[in-house]
Amino acid sequence: MSGIKELDKLLSAMKPKLTNDEFVFCTVVGELSDYAHLRPVATFLELEGLTLVLLKHQAQNAGLKYESSFRQITLTVHSSLEAVGLTAAVSTRLASKNISANVIAAYYHDHIFVSYDKAEQALLALNEFSE
């Protein structure tokens with residue numbers, strides 16, 4: 001089943017869901033296999049190092065450094081990886097409320113990591129699309 005490409009359909013059907021978990025972004029040296037036991041929800045290999053997105057308590061237990069904590073909002077609509085404008089619409093809406101958006105697109109859904117203390121406000125802002 002391929003995802004939805006039409007922006008209007010995506011925005012009206014996205015039904016954002018806020019998780020209760022607290023996440024952090026860490027950068028580490030080494031191989032992903034060295035950190036797989038931490039069960040990161042996302043990883044990305046950059047020239048400067050390996051980025052891990054993982055639960056805050058896992059980072060703390062492993063002694064990893066991080067700067068801020070976040071909550072995850074999942075857009076529950078199945079968006080196509082070829083859809084145009086969804087990330088722009090979401091980040092623009094959140095920016096208008098002074099909320100940063102760290103977007104990770106996976107195969108089925110887009111996931112937005114927002115500042116922990118602004119998560120409820122971010123959820124309200126995203127729900128405005130379907131009103």
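Residues numbered from 1 in each chain as written. Predicted model: local features only at pLDDT ≥ 70, side-chain atom pairs only at ≥ 80, totals over all residues. Heavy atoms only, no water.

1. Points about the overall build of the chain
Then step 1. A count of helical and extended segments in the chain gives four helices and seven strands.
Then step 2. Starting at the N terminus and walking to the C terminus, you meet the elements of the chain as α-β-β-β-β-α-β-α-β-β-α.
Then step 3. Rg of the C-alpha trace for the chain: 15 Å, near the compact-globule value of 14 Å for 131 residues, within the 12% margin.
Then step 4. Here the C-alpha coordinates of the chain stretch approximately 45 × 35 × 25 Å along the principal axes.
Then step 5. For the chain, the residues scored as buried account for 38% of the 131 residues in total.
Then step 6. Considering only intrachain contacts with a sequence separation of at least 6, the fraction spanning at least 24 residues in the chain is 72%.
Then step 7. Accessible area of the chain: about 7,900 Å², with a carbon and sulfur share of 52%.
Then step 8. Across the chain, 11 positive and 15 negative side-chain charges occur, with their mean positions spaced 6 Å apart. (Helix = DSSP H or I, 4+ residues; strand = E, 2+ residues; numbered from the N terminus. Rg over C-alpha atoms; globule rule 2.2 N^0.38 Å. Buried < 20%, exposed > 50% of the residue type's maximum accessible area, 1.4 Å probe, protein only. Contact = heavy atoms within 4.5 Å. Areas by Shrake-Rupley, 256 points an atom, 1.4 Å probe, with all protein chains shown as cover. Lys, Arg positive; Asp, Glu negative; His and termini not counted. Charge placed at Lys NZ, Arg CZ, Asp CG, Glu CD.)

2. Topic: helix α4 (residues 119-127)
Then step 1. Within α4, burial applies to Ala119, Ala122, Leu123, Ala125 and Leu126. Seen along its axis, α4 keeps its buried residues to an arc of 160°; they face one direction.
Then step 2. Buried residues belonging to α4 abut β1 (17-18), β5 (70-75), α3 (86-95) and β7 (110-115). (Arc of directions from axis to C-beta.)

3. Some remarks on the confidence of the model for the chain
Then step 1. Per-chain confidence: the chain averages 94 in pLDDT, with 99% of residues scoring 70 or above.
Then step 2. Model confidence for the chain, summarised as mean pLDDT per element, is weakest for helix α1 (residues 7-13) at 87 and strongest for strand β2 (residues 23-28) at 98. (pLDDT = per-residue confidence, 0-100.)

4. With respect to the pairing of β7
Then step 1. In terms of burial, β7 is largely enclosed, as five of its six residues are buried.
Then step 2. Relative to β7, β5 runs antiparallel, the two sharing six bridges. Note that in β7 the partner of Leu75 across the bridge is Asp110.
Then step 3. Between strand β6 (residues 102-105) and β7, which pair antiparallel in sequence order, lie four residues. (Pairing = 2+ DSSP bridges.)

5. So, the nonpolar core
Then step 1. Ranked by internal contacts, the top residues of the largest apolar core, which has 20 residues, are Met14, Ile73, Leu75, Val90, Leu94, Val114 and Leu126.
Then step 2. Secondary structure elements with two or more residues in this core: α1, β5, α3, β7 and α4.
Then step 3. Looking at this core, the element that brings in the most residues is α4, giving five residues.
Then step 4. When sequence neighbours within four positions are dropped, the list of residues in contact with Leu126 reads Met14, Pro16, Ile73, Leu75, Val90 and Leu94. (Core = buried A, V, L, I, M, F, W, Y, C linked by side-chain atoms within 4.5 Å.)

6. Section: the side chain of Thr51
Then step 1. Take Thr51: it is sitting in strand β4 (residues 49-55).
Then step 2. A polar atom in the side chain of Thr51 sits 3.0 Å from the side chain of Glu46.
Then step 3. With sequence-adjacent residues up to four places away left out, Thr51 is seen in contact with Phe25, Cys26, Thr27, Ala42, Thr43, Phe44 and Glu46. (Polar contact = N/O pair within 3.5 Å; in protein donor to acceptor, adjacent residues only side chain to side chain.)

7. Description of a nonpolar patch on the surface
Then step 1. Together, Leu81, Tyr107 and Tyr108 make up a nonpolar patch on the protein surface, roughly 380 Å² of accessible area in all.
Then step 2. Relative to the helices and strands, Leu81 resides in the loop between β5 and α3. (Patch = residues over 30% accessible without salt bridge, like charges linked within 9 Å, V, L, I, M, F, W, Y side chains within 5 Å. Salt bridge = Lys/Arg side-chain N within 4 Å of Asp/Glu carboxyl O.)

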